[in-house]
Amino acid sequence: MPRDVTPKVRGITPRWALPADDYVTSLAWSPAGDILVVGDASGALRAVEGARGAVHWKIDAHAGGVLCAEVSSQGMLATAVQDGRATLRSLASGRELAV
């Protein structure tokens, strides 16, 4: 039986939980605060609706773990990863725009 890993913090009620493929290594909010990008040690990226936890997209983006992510006001997602690459993606779709 899976154990409950929902954080227990007095005064804070979790709204949702997101299972990840590996350890979460980076988080980045969109400037509007509506989308949370989650990167993990397996190289996967997810764009999650902040209010409900619905996953907009998930991609296995990199061979190495995601080290950092940042979202621009123009709707771009920049990532740097352990394989030495930096990428620029569309926040709306996750599509790679530049390496």
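In this text the structure is predicted, and so the values were computed from the model without any measurement.

Caption draft 1: Highlighting the pattern of salt bridges. Counted under the stated rule, the structure contains eight salt bridges. For aspartate 83, the salt bridge is made with arginine 85, and the minimal N-O distance between the two is 3.8 Å. Residue classification places arginine 85 among the partly exposed positions, given a relative accessible area of 31%. Two residues, glutamate 96 and arginine 89, come together in a salt bridge whose shortest N-O distance is 3.3 Å. Residue glutamate 96 is classed as partly exposed on the basis of its relative accessible area, which comes to 35%. By relative accessible area, arginine 89 is classed as buried at 4%. Here the salt bridges share partners, and the residues they tie into one network are Asp21, Asp40, Arg46, Lys58 and Asp60.

Caption draft 2: Highlighting the sheet that holds strand 6 (residues 76-81). Pairing is antiparallel across the open sheet formed by four strands, whose spatial order is 5-6-7-8. Edge positions in the open sheet fall to strand 5 (66-71) and strand 8 (96-98), since each of these has one partner strand only. Across the sheet, the mean angle from the axis of one strand to that of its neighbour is 30°, orientation sign disregarded. Bridging between strand 6 and strand 7 (residues 86-90) involves five bridges; their strand directions are antiparallel.

Caption draft 3: Main features of the environment of alanine 69. Relative to the helices and strands, alanine 69 is located in strand 5. In this structure the C-alpha to C-alpha distance between alanine 69 and serine 26, which are 43 residues apart in sequence, comes to 6.2 Å.

Caption draft 4: Representation of the pairing of strand 1 (residues 24-29) in the model. Strand direction decides the pairing type here: strand 1 and strand 2 (residues 35-40), joined by five bridges, are antiparallel. When the sheet's bridge partners are listed, serine 26 is paired in strand 2 with glycine 39.

So, how was this worked out
Residues numbered from 1 in each chain as written. Predicted model: local features only at pLDDT ≥ 70, side-chain atom pairs only at ≥ 80, totals over all residues. Heavy atoms only, no water. Salt bridge = Lys/Arg side-chain N within 4 Å of Asp/Glu carboxyl O. Buried < 20%, exposed > 50% of the residue type's maximum accessible area, 1.4 Å probe, protein only. Pairing = 2+ DSSP bridges. Helix = DSSP H or I, 4+ residues; strand = E, 2+ residues; numbered from the N terminus. Axes fitted to C-alpha atoms, helices over the stretch in contact; angles between N-to-C directions.

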